[in-house]
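# Residue-level structural notes
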Amino acid sequence: EDKLRLEVPDTIEALLAAHVNVWVITGDKRETAINIGFACSLLSSDMRLITLDSSDPNVLLNQMNAALSDNENKLALVASGSSLYFLLQDDQIESFFLLAKKCQSVVCCRVSPLQKASIVKMMRKKTKKLTLAIGDGANDVGMILQADVGVGISGKEGRQAVLSSDYSI
(Lines give C-alpha, C1' and ligand atoms only; values in the text may rest on other atoms or scores of the structure.)
Protein backbone atom coordinates (compact mmCIF):
# COMPACT_ATOMS: atom_id res chain seq x y z
CA GLU A 1 0.00 0.00 0.00
CA ASP A 2 3.09 2.19 0.26
CA LYS A 3 1.72 4.31 3.09
CA LEU A 4 3.97 5.52 5.88
CA ARG A 5 2.55 4.29 9.18
CA LEU A 6 2.35 6.75 12.09
CA GLU A 7 4.93 4.96 14.24
CA VAL A 8 7.61 4.63 11.55
CA PRO A 9 9.49 7.94 12.08
CA ASP A 10 9.69 7.43 15.86
CA THR A 11 10.79 3.82 15.39
CA ILE A 12 13.55 4.76 12.94
CA GLU A 13 14.74 7.57 15.21
CA ALA A 14 14.97 5.07 18.08
CA LEU A 15 16.86 2.56 15.93
CA LEU A 16 19.32 5.24 14.81
CA ALA A 17 19.77 6.41 18.41
CA ALA A 18 20.62 2.80 19.31
CA HIS A 19 23.26 2.81 16.52
CA VAL A 20 21.35 0.33 14.38
CA ASN A 21 22.10 0.89 10.70
CA VAL A 22 18.93 1.43 8.71
CA TRP A 23 18.87 1.39 4.92
CA VAL A 24 15.99 2.07 2.57
CA ILE A 25 16.44 0.06 -0.63
CA THR A 26 13.72 0.86 -3.13
CA GLY A 27 12.80 0.87 -6.77
CA ASP A 28 11.33 4.37 -6.41
CA LYS A 29 12.72 7.42 -8.19
CA ARG A 30 15.45 9.39 -6.39
CA GLU A 31 13.21 12.33 -5.45
CA THR A 32 10.55 10.00 -4.06
CA ALA A 33 13.12 7.98 -2.11
CA ILE A 34 14.64 11.14 -0.60
CA ASN A 35 11.19 12.44 0.37
CA ILE A 36 10.42 9.09 2.03
CA GLY A 37 13.78 9.29 3.82
CA PHE A 38 12.88 12.68 5.31
CA ALA A 39 9.29 11.66 6.10
CA CYS A 40 10.40 8.59 8.05
CA SER A 41 13.23 10.44 9.87
CA LEU A 42 15.99 8.45 8.19
CA LEU A 43 17.31 11.68 6.68
CA SER A 44 17.45 15.05 8.42
CA SER A 45 18.36 18.59 7.44
CA ASP A 46 21.54 18.52 9.54
CA MET A 47 23.02 15.74 7.38
CA ARG A 48 25.23 16.33 4.37
CA LEU A 49 23.51 14.43 1.56
CA ILE A 50 25.90 12.61 -0.77
CA THR A 51 24.18 11.67 -4.01
CA LEU A 52 25.78 9.04 -6.22
CA ASP A 53 23.75 9.02 -9.42
CA SER A 54 26.09 8.53 -12.35
CA SER A 55 27.14 5.70 -14.60
CA ASP A 56 30.59 7.27 -15.06
CA PRO A 57 33.09 5.44 -12.81
CA ASN A 58 35.45 8.44 -12.63
CA VAL A 59 32.70 10.76 -11.40
CA LEU A 60 31.63 8.20 -8.78
CA LEU A 61 35.19 7.66 -7.54
CA ASN A 62 35.73 11.42 -7.19
CA GLN A 63 32.46 11.83 -5.27
CA MET A 64 33.26 8.89 -2.99
CA ASN A 65 36.79 10.12 -2.26
CA ALA A 66 35.49 13.59 -1.41
CA ALA A 67 32.87 12.10 0.92
CA LEU A 68 35.37 9.75 2.58
CA SER A 69 37.61 12.71 3.43
CA ASP A 70 34.74 14.62 5.10
CA ASN A 71 35.20 14.27 8.85
CA GLU A 72 33.10 17.24 9.91
CA ASN A 73 29.55 16.50 8.81
CA LYS A 74 26.92 13.89 9.57
CA LEU A 75 26.64 12.09 6.28
CA ALA A 76 23.74 10.45 4.46
CA LEU A 77 24.16 8.54 1.22
CA VAL A 78 21.72 8.33 -1.67
CA ALA A 79 22.83 5.90 -4.38
CA SER A 80 20.98 5.09 -7.59
CA GLY A 81 20.76 1.74 -9.31
CA SER A 82 22.90 2.98 -12.19
CA SER A 83 25.72 3.93 -9.82
CA LEU A 84 25.31 0.71 -7.83
CA TYR A 85 25.94 -1.26 -11.01
CA PHE A 86 29.52 0.04 -10.81
CA LEU A 87 29.83 0.27 -7.01
CA LEU A 88 28.85 -3.37 -6.38
CA GLN A 89 31.59 -4.69 -8.70
CA ASP A 90 34.35 -6.65 -6.94
CA ASP A 91 36.97 -3.91 -7.42
CA GLN A 92 34.75 -1.12 -5.97
CA ILE A 93 32.65 -2.86 -3.35
CA GLU A 94 35.14 -2.20 -0.54
CA SER A 95 35.16 1.57 -1.20
CA PHE A 96 31.37 1.61 -1.35
CA PHE A 97 31.19 -0.33 1.92
CA LEU A 98 33.59 2.10 3.65
CA LEU A 99 31.52 5.07 2.48
CA ALA A 100 28.24 3.45 3.50
CA LYS A 101 29.68 2.57 6.90
CA LYS A 102 30.71 6.20 7.42
CA CYS A 103 27.18 7.42 6.68
CA GLN A 104 24.50 7.58 9.33
CA SER A 105 21.77 6.77 6.80
CA VAL A 106 21.70 5.16 3.37
CA VAL A 107 18.99 5.31 0.72
CA CYS A 108 19.32 3.25 -2.46
CA CYS A 109 16.85 4.11 -5.21
CA ARG A 110 15.94 2.76 -8.64
CA VAL A 111 17.41 -0.53 -7.48
CA SER A 112 16.76 -3.84 -9.22
CA PRO A 113 15.78 -6.97 -7.27
CA LEU A 114 19.25 -8.42 -7.88
CA GLN A 115 20.90 -5.26 -6.54
CA LYS A 116 18.69 -5.38 -3.43
CA ALA A 117 19.89 -8.91 -2.73
CA SER A 118 23.53 -7.97 -3.47
CA ILE A 119 23.43 -5.06 -1.03
CA VAL A 120 22.06 -7.22 1.79
CA LYS A 121 24.61 -9.96 0.99
CA MET A 122 27.46 -7.41 1.02
CA MET A 123 26.45 -5.90 4.35
CA ARG A 124 25.95 -9.31 5.93
CA LYS A 125 29.35 -10.52 4.74
CA LYS A 126 31.34 -7.34 5.45
CA THR A 127 29.87 -6.48 8.85
CA LYS A 128 29.40 -10.05 10.09
CA LYS A 129 26.32 -8.71 11.87
CA LEU A 130 22.71 -9.79 11.86
CA THR A 131 20.71 -8.46 8.92
CA LEU A 132 16.98 -7.95 8.66
CA ALA A 133 15.18 -7.34 5.37
CA ILE A 134 11.56 -6.27 5.13
CA GLY A 135 9.68 -6.26 1.85
CA ASP A 136 6.20 -6.41 0.41
CA GLY A 137 6.53 -7.70 -3.13
CA ALA A 138 8.11 -10.18 -5.51
CA ASN A 139 10.94 -7.69 -6.16
CA ASP A 140 11.96 -8.06 -2.49
CA VAL A 141 12.23 -11.87 -2.42
CA GLY A 142 15.97 -12.02 -3.16
CA MET A 143 16.71 -9.44 -0.47
CA ILE A 144 14.54 -11.29 2.06
CA LEU A 145 16.28 -14.59 1.29
CA GLN A 146 19.77 -13.04 1.65
CA ALA A 147 19.06 -11.60 5.11
CA ASP A 148 19.45 -13.49 8.37
CA VAL A 149 15.84 -12.61 9.13
CA GLY A 150 13.32 -11.90 6.39
CA VAL A 151 9.96 -10.27 6.98
CA GLY A 152 7.28 -10.25 4.32
CA ILE A 153 4.43 -7.78 4.41
CA SER A 154 1.11 -9.04 3.12
CA GLY A 155 -0.79 -6.42 1.16
CA LYS A 156 -1.63 -5.21 -2.31
CA GLU A 157 1.75 -6.26 -3.74
CA GLY A 158 0.88 -9.95 -3.56
CA ARG A 159 2.11 -12.81 -1.41
CA GLN A 160 5.55 -13.63 -2.85
CA ALA A 161 7.43 -11.75 -0.11
CA VAL A 162 5.33 -13.41 2.59
CA LEU A 163 5.86 -16.88 1.14
CA SER A 164 9.65 -16.46 1.06
CA SER A 165 10.02 -14.83 4.47
CA ASP A 166 10.79 -16.10 7.97
CA TYR A 167 8.04 -13.94 9.44
CA SER A 168 5.09 -12.17 7.91
CA ILE A 169 2.85 -9.29 8.89
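See the structure shown above.
The following paragraphs examine the structure supplied in this document. (Residues numbered from 1 in each chain as written. Predicted model: local features only at pLDDT ≥ 70, side-chain atom pairs only at ≥ 80, totals over all residues. Heavy atoms only, no water.)

## Some thoughts on the layout of surface pockets
This is how it is decided: For cavity detection a 1 Å grid was placed over the protein atoms alone, and a set of points counts as a cavity when a 1.4 Å probe fits there but cannot get out; an open set counts as a pocket when protein lies on both sides within 12 Å along at least five of seven lines, with lining residues being those that have an atom within 4 Å of a point. Grid points are joined across faces, edges and corners, and a volume is the space filled by probe spheres set on the points. In this text, helices come from DSSP runs of H or I with a minimum length of four residues, and strands from runs of E with a minimum of two, each type numbered from the N-terminal end. Residues are grouped as follows: Ala, Val, Leu, Ile, Met, Phe, Trp, Tyr, Cys and Pro are nonpolar; Asp, Glu, Lys and Arg are charged; all remaining types, including Gly, are polar.
Volume-wise, the largest pocket comes out at about 2000 Å³. W23, V24, I25, I134 and G135 are the residues nearest the centre of the largest pocket, which is lined by 47 residues in total. Those elements that provide at least two residues to the lining of the largest pocket are α1 (8–17), β1 (23–25), α2 (30–39), α5 (93–102), α6 (113–127) and β5 (132–135). It is α6 that provides the largest number of residues to the lining of the largest pocket, a total of five residues. Split into classes, the residues belonging to the lining of the largest pocket amount to 24 nonpolar, 11 polar and 12 charged. Forming the walls of the second largest pocket are L84, Y85, L88, Q89, I93, L114, Q115, S118, K121 and M122. Mapped onto the lining of the second largest pocket, the elements with two or more residues apiece are α4 (81–87) and α6. When residues in the lining of the second largest pocket are grouped by element, the largest group, five residues, is from α6. For the lining of the second largest pocket, the residue count by class is six nonpolar, three polar and one charged.

## Quick look at the pairing of strand β3 (residues 74–80)
Two faces belong to every sheet, and in a regular strand the side chains alternate between them. Quick reminder of the rule: Think of it in three bands: with a 1.4 Å probe and only protein chains considered, a residue is buried below 20% of the maximum accessible area for its type, exposed above 50%, and partly exposed in between. Between any two strands, at least two bridges found by DSSP are needed for them to pair. The path from the first strand over the helix to the second decides the hand: if it runs clockwise while the strands point away from the viewer, the crossover is right-handed.
Judged by how many residues are buried, β3 sits mostly within the fold: six of seven residues are covered. Summarising the sheet, strand β2 (residues 47–52) and β3 pair through six bridges and their orientation is parallel. If you follow I50 over to β3, its bridge partner there is L77. With helix α3 (residues 57–68) bridging β2 and its parallel neighbour β3, the resulting β-α-β unit is right-handed.

## Thoughts on the nonpolar core
Note the following rule: Only buried Ala, Val, Leu, Ile, Met, Phe, Trp, Tyr and Cys residues count toward a nonpolar core, and they belong to the same one when joined by side-chain atoms within 4.5 Å. A contact between two residues is defined here by any heavy atoms of the two lying within 4.5 Å.
Core analysis: the largest hydrophobic core is formed by 30 residues, its most contacted members being W23, L52, L77 and L84. Listing elements by their share of this core, those giving two or more residues are β1, β2, α3, β3, α4, α5, β4 (105–109) and α6. Among the elements that take part in this core, α5 stands out by supplying five residues, more than any other. Leaving out residues up to four positions away in the same chain, W23 has contacts with F96, A100, V106, C108, I119, M122 and M123.

## Considering empty space enclosed by the protein
Scanning the entire structure with this criterion turns up one cavity of 30 Å³ or more. By volume, the largest cavity is sized at about 60 Å³. Looking at the largest cavity, the residues that line it are N21, V22, W23, A100, K101, C103, Q104, S105, V106 and M123. Among the elements of the structure, α5 and β4 are those that each provide at least two residues to the lining of the largest cavity. A per-class count over the lining of the largest cavity returns six nonpolar, three polar and one charged.

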